[in-house]
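# Tertiary structure, described
So the chains spell out like this:
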Protein chains: 2
Amino acid sequence: MATTTAGQRREQAKRDYDAFLAGCPTRELLSTLTDKWVALLIPALAGGPQRHSELARRIAGVSQKMLTQTLRTMERDGLLTRTVTTSVPARVDYQLTPLGHDLFPVMVAIKTWAETHMDRVFQARTQFDTRT
Amino acid sequence: MATTTAGQRREQAKRDYDAFLAGCPTRELLSTLTDKWVALLIPALAGGPQRHSELARRIAGVSQKMLTQTLRTMERDGLLTRTVTTSVPARVDYQLTPLGHDLFPVMVAIKTWAETHMDRVFQARTQFDTRT
DNA sequence: CAGCATCCTCGGAGATACTG
DNA sequence: CAGTATCTCCGAGGATGCTG
């Protein structure tokens, strides 16, 4: 029988992995998670499946290359699924997995934090730049 | 008299700023927040003031240049304060501001998420890489 | 100890053009 | 429409050496 609960396995993971350590694989995962486009894509996809072109329009300024590249990385890491509908023209839908959706609160928190505290940061910058 | 509450001002900010827009200044702030070293520095500083060398040791693998550079940006954005104690040798302490501390829950959430779900991501990668 | 200046390199990321 | 391939370039970021 299984003698470990999900909670215990999570505890185990937190003991084994430490992003403060240089060699830890979480360091590299952290690099993926702390990506501007990931922080925008997760909230953008939270409402449901989106097509490539829809995402490109929603997330203004992202190049086609970066969008495809970021989506591919996220798919590989199990954050979203890519569904191809063969037709002319082709149609591809991206949808968050439960794992990806689990990341939603965190990502939306960063995005919202930036939008909410932008003014305060501007104040701080002005003060910093005009210090004697 | 002031007719707007802090809550209303926050609402105002959320209406004015939208990180989905390319020209929005929050896009650039988001770039700063979604930085690997920021995600590690905030949790590292949460316990109290830390010296430059202490941080360098705690956050393994960070170069001296990147550490100074990241700390400077965070100082400019009002996330932390830099206190110099003139002595020989010099001593510099970094401490989170209330604004920076406000970011702590978010940053620690990302770091913890990575540490907690590393195994699941590994599984997803293996499955992705061995797909036919 | 903290941090600036300099040099150098590697790859992140845009632009463009082409395919299914 | 979605994606790949190629070329190019700029700058992030490491290494080293010097200063207060």
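The residue count restarts for each chain, going from 1 along the sequence in the order it is written. Note on labels: chains are lettered from A, ligands numbered from 1, in written order. A pLDDT threshold of at least 70 governs which residues receive local features in this predicted model, and a stricter bar of 80 or more applies before side-chain atom pairs are shown or counted, although totals over entire chains, interfaces and linings include all residues. For side-chain calculations, the full set of non-hydrogen atoms in the structure is used, while hydrogens and water are omitted.

Looking at an unreviewed UniProt entry, one finds chain A named DNA-binding HxlR family transcriptional regulator and attributed to Longispora fulva.

Let us now look at the protein's contact with DNA strand C. The immediate surroundings of DNA strand C are formed by 15 residues, with A:Ser63, A:Met66, B:His52, B:Ser53 and B:Arg82 found nearest. If even one non-hydrogen atom of a residue comes within 4 Å of a molecule or strand, that residue is called near it. Of all DNA strand C atoms lying within 4 Å of any protein atom, the proportion belonging to sugar or phosphate reaches 67%. We call two N or O atoms a polar contact when they sit within 3.5 Å, provided that within protein one can donate a hydrogen and the other can accept it, with sequence-adjacent residues counted only if both atoms are side-chain atoms. Within the side chain of B:Arg51, one N or O atom sits 3.2 Å away from a sugar or linking oxygen of DNA strand C. In the environment of DNA strand C, a phosphate oxygen lies 2.9 Å from a nitrogen or oxygen atom belonging to the backbone of B:Ser53. The element that contributes the greatest number of residues to the surface near DNA strand C is helix α5 (residues 64-76) of chain B, accounting for three residues. Charged means Asp, Glu, Lys or Arg here, nonpolar means Ala, Val, Leu, Ile, Met, Phe, Trp, Tyr, Cys or Pro, and polar covers whatever is left, Gly included. In terms of residue class, the surface near DNA strand C is made up of six nonpolar, five polar and four charged. Only DSSP runs of H or I with at least four residues qualify as helices, and only runs of E with at least two residues qualify as strands; both kinds are numbered from the N terminus onward.

With that out of the way, let us pick up the relation of the copies chain A and chain B. Mapping chain A onto chain B leaves a residual RMSD of 0.0 Å; the transformation is a rotation of 180 degrees accompanied by 0.0 Å of translation along its axis. Taken together, the rotation angle and the small translation identify this as a two-fold axis. Relative to the rotation axis, the closest C-alpha in chain A is found at A:Thr34, a distance of 2.2 Å. Any two residues having at least one pair of non-hydrogen atoms within 4.5 Å are treated as being in contact. Counting the interface residues of chain A, we find that 100% of their copies in chain B are interface residues as well, pointing to one common contact surface. In superposing the copies, a least-squares fit is computed on C-alpha atoms, taking residues whose pLDDT is at least 70 in both.

Inspection of the region around DNA strand D gives 15 residues, with A:His52, A:Ser53, A:Arg82, A:Tyr94 and B:Ser63 positioned closest. At the protein interface, 61% of the atoms of DNA strand D within 4 Å belong to sugar or phosphate. Interatomic distance of 2.7 Å between a side-chain N/O atom of A:Arg82 and a phosphate oxygen of DNA strand D. One of the side-chain nitrogen or oxygen atoms of B:Lys65 is found 2.8 Å away from a base oxygen of DNA strand D. Secondary structure elements with two or more residues in the surface near DNA strand D: α4 (52-58), α5 (64-76) and β3 (91-96) of chain A together with α5 of chain B. For the surface near DNA strand D, the leading source of residues is α5(A), giving three residues.

Attention now moves to the environment of B:Met118. The residue B:Met118 is located in helix α7 (residues 104-129) in this model. Each residue is placed in one exposure class: buried if its accessible area under a 1.4 Å probe, protein chains only, is under 20% of its type's maximum, exposed if it is over 50%, and partly exposed if it falls in between. B:Met118 sits in the buried class, given a relative accessible area of 0%. Setting aside residues up to four positions removed in sequence, B:Met118 forms contacts with A:Tyr17, A:Pro25, A:Thr26, A:Leu29 and B:Arg125.

On to helix α3 (residues 36-45) of chain A, then. All names here are of chain A. Along α3, nine of the ten residues are buried, which leaves the element largely enclosed by surrounding structure. Every buried residue belonging to α3 is among Trp37, Val38, Ala39, Leu40, Leu41, Ile42, Pro43, Ala44 and Leu45, and all of these are buried. Measuring from the side-chain oxygen of the N-cap residue of α3 to the backbone nitrogen of Trp37 gives 2.7 Å; that N-cap residue is Asp35.

Moving on: the nonpolar core. By size, the foremost hydrophobic cluster in this structure holds 70 residues, and its most contacted members are A:Leu33, A:Leu55, A:Ile59, B:Leu33, B:Leu55 and B:Ile59. Once you skip the residues sitting within four places of it in the chain, A:Leu55 turns out to touch A:Leu41, A:Ala44, A:Leu45, A:Gln50, A:Leu67, A:Leu71 and A:Tyr94. Throughout, nonpolar core names a set of buried Ala, Val, Leu, Ile, Met, Phe, Trp, Tyr and Cys residues whose side chains join them through atoms within 4.5 Å.

Residues and elements named next belong to chain B. DSSP-based pairing: two strands are paired if at least 2 bridges between them are found. Examined bridge by bridge, strand β2 (residues 80-85) and strand β3 (residues 91-96) share six bridges and lie antiparallel to one another. Along β3, the bridge assignment pairs Arg82 with Tyr94. Here β2 folds back onto β3, and the loop between the two strands holds five residues.

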